[in-house]
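Listed here are the chains, written in short residue letters.
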Amino acid sequence: MAGWQDFSETRVPVRGGELAVVRWPAREPDSSDVAVSTIMLVHGITGNALAWAGVADELAGRAELIAVDLRGRAGSRDIEGPWGIDQNAADLVAVLDALKLDQVVLAGHSLGAFIAAAAVAASPERFSRLIAVDGGLGFPLPDGADADAILEAVVGPAVKKLSMTFADPEDYLDFHRVHPAFVGSWTPQLTAYLIRDTRVLPDGRAVSSCREAAIRADGKQILLDEKLRTNINGLTRDVDFLYAARGLLDEPRALFDESRLDLGGLDRTRARVTFVPDTNHYTILAPGVGAQAVVKALLG
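What this report covers is the structure whose coordinates are included nearby. Every residue gets a number counted from 1 within its own chain, in the order that chain's sequence is written. Owing to the predicted nature of the model, reporting of local features is limited to residues with pLDDT of at least 70; listing and counting of side-chain atom pairs is limited to 80 or more, with chain, interface and lining totals taken over all residues. Only hydrogens and water are set aside; all other atoms, that is, all heavy atoms of the structure, feed into the side-chain values.

A closer look at helix α3 (residues 111-122)
Going along the chain from the N terminus, every DSSP run of H or I of four or more residues is numbered as a helix, and every run of E of two or more is numbered as a strand. One less than the number of residues in a helix, times 1.5 Å, gives the span that helix is expected to have. Its twelve residues give α3 an end-to-end C-alpha distance of 17 Å, which sits within 8% of 16 Å, the value for a rise of 1.5 Å per residue. The rule is simple: take the accessible area with a 1.4 Å probe, protein chains only, and divide by the maximum for that residue type; under 20% is buried, over 50% is exposed, in between is partly exposed. Judged by how many residues are buried, α3 sits mostly within the fold: ten of twelve residues are covered. For α3, the complete set of buried residues consists of L111, G112, A113, F114, I115, A116, A117, A118, A119 and V120.

Shown next as structure tokens:
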């Protein structure tokens, strides 16, 4: 049975540099299998491809998975720009072209769901379905709101860490071990994900691999661009929308609930909505009930 550690890596030329791509292979089919699509996966704002490791483990080789490190993060850190959601969406199509894939199922988590929706809107012929996981639907900002302040308030430690330097890689892991979303939910997949995000400086200290300019540009565009906030409602492909029970800091107020889905204008006639209990914004991708719900949606 295929496991989450059974992946390979490749690099794809894109505007400004090379994009790192992780691939989990499909297992050899047997008489009990049915044909399933290749699935492309897009991580969140300060994430990387291994954010999907728990999902890969749960899927166990029932389909090929392709996960990117978005530009400015992890293995794609050295790309010099440009930044922005439209460029990230164009990168996904560049990966499909490089891998000679005509059409795939597309899934995105958090900011990745906005990128995925933008990609489907721009190139619907390349994507058969969209799965949005705790993201992809935005809300209008109050008049005069400070987008940078709202970004930091919403994302919290994920942005705070970009300006921090840690004593060593273990100290960087320790910073996340006390993150409210991860307390009691630490997994080997989470360790691998954070190690992939760790950049070790010449003096042995550690920082996040994420380039702050990329993170802020992408995050602010979601907050300020109404089209990107609502792309999901105008797509011509089937949409699954999954949302977690709790928020980014494991707080009871999640990013989405029934009233906020209505506020965002989610069209229930065009999207199949699934509430995933006992998860927060991050653990919705983790082994257990979260990964199980995501895999069910991925396989349709």
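Further notes follow.
Side note on the pattern of salt bridges
Charged atoms that come close allow side chains of opposite charge to pair. Any carboxyl oxygen of Asp or Glu that lies within 4 Å of a side-chain nitrogen of Lys or Arg is treated as forming a salt bridge with it. Taken as a whole and judged by the stated rule, the model has 18 salt bridges. In this structure, D262 and R268 form a salt bridge, with 3.7 Å as the shortest nitrogen-oxygen distance. One salt-bridge network, in which partners are shared between bridges, spans E9, D69 and R196.

Examining the nonpolar core
In plain words, nonpolar cores are sets of buried Ala, Val, Leu, Ile, Met, Phe, Trp, Tyr and Cys residues tied together by side-chain atoms within 4.5 Å. One finds M40, V95, L106, F127 and F241 to be the most contacted residues of the largest nonpolar core, which totals 53 residues. Per element, the largest residue contribution to this core is nine residues, and it comes from α3. Beyond its immediate chain neighbours, meaning those up to four positions away, F127 contacts M40, V93, L96, Q103, V104, L106, A119, V120 and R237. Contacts were defined at the residue level, with two residues in contact if any of their heavy atoms lie within 4.5 Å.

Thoughts on the packing of helix α6 (residues 169-177) against helix α7 (residues 188-197)
When two helices pack together, you describe them by how their axes are tilted relative to each other and by the distance separating the axes. Viewed as axis vectors pointing N to C, α6 and α7 meet at an angle of 130°, and their least axial separation amounts to 10 Å. The angle between the axes of α6 and α7 places the two elements in the oblique class. Between α6 and α7 lies a crossing of right-handed hand. Residue-level inspection shows Y172, L173 and H176 of α6 in contact with α7, the latter providing T191, L194 and D197. Amino acids are sorted into nonpolar (Ala, Val, Leu, Ile, Met, Phe, Trp, Tyr, Cys and Pro), charged (Asp, Glu, Lys and Arg) and polar (every other residue, Gly among them). Considered class by class, the residues forming the contact of α6 with α7 number three nonpolar, two polar and one charged. To obtain an axis, a line is fitted to C-alpha atoms, over the contacting stretch when the element is a helix, and the angle between two such axes runs from 0 to 180 degrees between their N-to-C directions. In this scheme, roughly parallel covers angles under 35 degrees and roughly antiparallel covers those over 145, while 65 to 115 is roughly perpendicular and the rest are oblique. Helix crossings fall into two classes, left-handed where the near helix is turned counterclockwise from the far one by less than a right angle and right-handed where it is turned clockwise.

Focus on the pairing of strand β2 (residues 17-24)
In this scheme, strands are said to pair when DSSP sees at least two bridges between them. Sheet topology note: the strand β1 (residues 8-14)/β2 ladder contains seven bridges and is antiparallel. When the bridges of β2 are listed, V14 appears paired with G17.

Describing the sheet that holds strand β10 (residues 271-276)
With mixed pairing, the eight strands of this open sheet are ordered in space as β1-β2-β4-β3-β5-β6-β9-β10. A strand with exactly one partner marks an edge of an open sheet, and here the two such strands are β1 and β10. Averaged over all adjacent pairs, the angle separating strand axes in this sheet is 25°, with direction ignored. Docked against the sheet, helix α2 (residues 85-98) engages β1, β2, β3 (39-42), β4 (65-68), β5 (104-109) and β6 (127-133), running at close to 115° with respect to β1.

Some remarks on the environment of Q87
Along the chain, Q87 turns up in helix α2. Apart from the residues lying within four places of it in its own chain, the contact partners of Q87 are R15, R71 and P82. Polar contact is the term for a pair of N or O atoms within 3.5 Å; when the atoms are in protein, one must be able to donate a hydrogen and the other to accept it, and sequence-neighboring residues count only if both atoms are side-chain atoms. Within polar-contact distance, the side chain of Q87 engages the side chain of R15 at 3.5 Å.

Looking at the packing of aromatic side chains
To describe a pair of aromatic rings, one takes the distance between the centres and the angle between the planes. Working definition: a ring pair exists when centres of Phe, Tyr or Trp rings (six-membered ring for Trp) sit within 6.5 Å. Plane angles under 30 degrees give stacked, over 60 give edge-to-face, the rest tilted. For the structure shown, the criterion picks out eight aromatic pairs. Summarising the aromatic geometry, the rings of Y243 and F275 are spaced 5.4 Å apart at their centres and angled 55° between planes, so their arrangement reads as tilted. One end of the pair, Y243, is in strand β9 (residues 238-244); the other, F275, is in strand β10, with 32 residues separating them in the sequence. Among the aromatic residues, those joined into a ring-pair cluster are F139, F241 and F256. Lysine NZ or arginine CZ positioned within 6 Å of the ring centre and within 35 degrees of the ring normal marks a charge as sitting over the ring. Taking the ring centre of F139 as reference, the NZ or CZ of R260 above it sits at 4.4 Å.

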